[in-house]
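An overview of the molecular structure
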Amino acid sequence: MSRLVVVSNRVAKATDGKGRAGGLAVALQDALKKLGGVWFGWSGSVVAKQQDKPEIVQAGPVTYATLDLTRKQYNEYYNGFANRTLWPLFHYRLDLAAFSQQNYSSYREVNTLFASKLKPLLKNDDLIWVHDYHLIPLGEELRRAGVTQPMGFFLHTPFPAMEVMTVLPSNLDLVRALCAYDVVGFQTENDLRAFLDYIVNEAGGGIMGNHLVHAFGNTLRVEIFPIGIDVEELEKTAQEVGRGKGSRRMRIKPSNRTWIVGVDRLDYSKGLVQRFQSFERFLESHPAYRGAVTLVQIAPPSRSEVIEYRDIRHTLEGEAGRINGRFGEFDWVPINYLSKSYTRIELVGFYQASRIGLVTPLRDGMNLVAKEYVAAQNPEDPGVLVLSRFAGAARELEGALTVNPYDADGVADALAIALKMTIEERLERWNAMMDVMRANNVTVWRDNFIETLRGAPYEV
Ligand code: F6P
């Protein structure tokens with residue numbers, strides 16, 4: 001049986017047990033343990049001088065191999081091209097995207113470096129699975145270095161519309177690199193459609209049918225693989241929380257207050273400013289809920305060396321303060337804004353304690369918080385998911401109340417509808433979402449991708 005080689009910018013460490021790592025990391029670790037293999041990527045450390053060889057940690061049949069980045073690589077590859085160019089561009093924030101030839105060169109160089117350090121660790125019949133926008137050119141670099149094993153790439157973020165993609169000066173070079181893989185997976189039909197549009201109308205490639213595309217002299221299989229969560233594990237954790245596991249403070253939620261919960265990395269793509277303003281509109285237009293409903297927003301800081309992330313943090317703090325000053329009372333704070341991380345079990349506690357899960361990104365590849373909120377609900381008295389139409393999850397979770405996050409009145413009305421929703425309707429919507437999530441959990445996602453990769457190379 002072929003081994004699996006996973007490559008991603010961040011590597012879930014061997015020591016990250018089920019309690020600590022997220023569902024995606026656990027699913028990949030489980031596959032690695034079963035098939036044997038390598039997880040390769042950045043160590044998370046920034047050093048003065050690049051080391052010659054990756055740091056290796058052997059855990060049973062799995063080799064964890066990580067490379068440090070120099071300060072220059074970290075600034076130009078990670079903060080620069082990955083997070084100041086591709087991230088905003090792929091999330092339709094042209095206003096925030098910065099373009100620099102220097103950063104693109106560095107991005108390509110880090111990908112070349114990763115390829116050269118990964119190659120000696122490969123065996124002949126390995127399957128190579130590369131993840132996300134940091135590492136698009138890795139496959140092309142591996143092929144240049146003579147690697148012939150099947151290679152797949154999964155994009156966790158959206159793939160933007162052609163008109164947005166072509167704003168990137170190096171767009172053709174980047175998409176050419178993407179086409180060096182045997183399999184390219186996207187989260188949703190929208191992303192796949194955007195990619196095919198680019199291939200046909202910008203790259204002069206062709207759609208050959210049966211999921212095959214021919215472009216830049218390569219044939220690749222393109223498909224959607226919407227990421228799921230480990231539903232059973234979430235349900236189990238939720239039951240434990242229900243029985244009193246976790247922090248004692250979580251169990252003293254005031255019974256006379258209804259919670260609406262949001263959990264997001266502090267990222268401008270998550271639509272947090274618009275979310276606060278929608279909640280403000282809700283308090284304006286539905287005064288009966290003043291004093292009775294609290295928005296609990298958890299937003300741990302992220303990528304804080306990138307200026308746009310520092311800006312969003314300041315803006316959000318200002319908005320929370322303004323809205324709380326406007327509507328708050330001595331015994332009620334409308335927005336409980338918590339800019340820090342919580343443990344997994346605490347998050348499940350927050351999900352369970354909240355009548356509404358408010359997930360309103362302006363653009364999101366999938367959004368697993370939406371799915372986790374649903375899976376953590378009490379099956380006899382589930383809450384309501386209010387979900388942005390621009391999250392990939394909205395394509396699957398038809399039981400959610402779908403909103404446009406730019407439309408504050410629409411979000412405010414959806415909150416009021418959710419708060420008044422009958423138990424019958426809540427149950428119907430929740431069961432529909434659970435059925436979809438059980439049928440397409442993270443194991444199904446992982447195994448579908450690996451099976452498709454096993455079929456490579458694909459020929460027209
Ligand atoms: O959701 C996209 C993603 O880049 C993940 O791959 C990553 O784990 C997460 O955001 C956090 O971002 P970062 O790795 O930049 O801290």
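Look above for the structure.
In this report, the structure presented in the accompanying data block is examined. (Residues numbered from 1 in each chain as written. Predicted model: local features only at pLDDT ≥ 70, side-chain atom pairs only at ≥ 80, totals over all residues. Heavy atoms only, no water.)

Contacts to the ligand come from R10, Y78, W87, D132, Y133, H134, R265 and R303. For the ligand, an oxygen atom lies 2.6 Å from a polar atom in the side chain of R10. At 2.5 Å, a side-chain N or O of Y78 approaches an oxygen atom of the ligand. When its residues are assigned to classes, the shell around the ligand shows three nonpolar, one polar and four charged. (Near = heavy atom within 4 Å. Polar contact = N/O pair within 3.5 Å; in protein donor to acceptor, adjacent residues only side chain to side chain. Nonpolar A, V, L, I, M, F, W, Y, C, P; charged D, E, K, R; others polar.)

Tallying each qualifying case throughout the model produces 28 aromatic pairs. Taken together, a centroid distance of 5.4 Å and an interplanar angle of 15° make the contact between Y74 and Y78 stacked. Residue Y74 and its partner Y78 are both found in helix α2 (residues 71-90); the two are separated by four residues, about one turn of the helix. According to the relative accessible area criterion, Y74 is buried, its value standing at 12%. With a centroid separation of 4.3 Å and an interplanar angle of 5°, the aromatic rings of W129 and F449 are classed as stacked. Of this pair, W129 sits in strand β5 (residues 127-131) while F449 sits in helix α15 (residues 442-454), and the two are 320 residues apart along the sequence. Since its relative accessible area comes to 0%, W129 is described here as buried. Among the aromatic residues, those joined into a cluster by ring pairs are F40, Y77, F81, Y104, Y107 and F114. Sitting over the face of the ring of W87, R303 holds its NZ or CZ atom 4.2 Å from the ring centroid. When the ring centre of Y92 is taken as reference, the NZ or CZ atom of R363 above it lies at 3.9 Å. (Phe/Tyr/Trp six-rings, centres within 6.5 Å; stacked < 30°, edge-to-face > 60°. Helix = DSSP H or I, 4+ residues; strand = E, 2+ residues; numbered from the N terminus. Buried < 20%, exposed > 50% of the residue type's maximum accessible area, 1.4 Å probe, protein only. Lys NZ or Arg CZ within 6 Å of the ring centre and 35° of its normal.)

Time to look at the sheet that holds strand β13 (residues 335-338). Across the sheet, six strands lie side by side as β13-β12-β11-β14-β15-β16; this open sheet has parallel pairing. Strands at the two margins of the open sheet, each flanked by one partner only, are β13 and β16 (401-403). Looking at each pair of strands side by side, their axes are set apart by 20° on average, direction ignored. Examined bridge by bridge, strand β14 (residues 356-359) and strand β15 (residues 384-388) share four bridges and lie parallel to one another. (Pairing = 2+ DSSP bridges. Axes fitted to C-alpha atoms, helices over the stretch in contact; angles between N-to-C directions.)

Another aspect to go through is the pairing of strand β2 (residues 37-47). Relative to β2, strand β1 (residues 4-10) runs parallel, the two sharing six bridges. Directly across from S8, in β2, lies its bridge partner G41. Strand direction decides the pairing type here: β2 and strand β4 (residues 62-70), joined by eight bridges, are parallel. Its bridge partner lying in β4, V47 is registered against T70.

Glancing now at the sheet that holds strand β8 (residues 206-209). One open sheet holds the ten strands; their spatial order is β3-β4-β2-β1-β5-β6-β7-β10-β9-β8, and the pairing between them is mixed. For this open sheet the edge positions go to β3 (55-59) and β8, each flanked by a neighbour on one side alone. Ignoring which end each strand starts from, the neighbouring axes of this sheet average 25° apart. As judged from the five bridges shared by β3 and β4, these two strands associate in the antiparallel manner. Residue pairing across strands places V57 opposite Y64, the latter belonging to β4.

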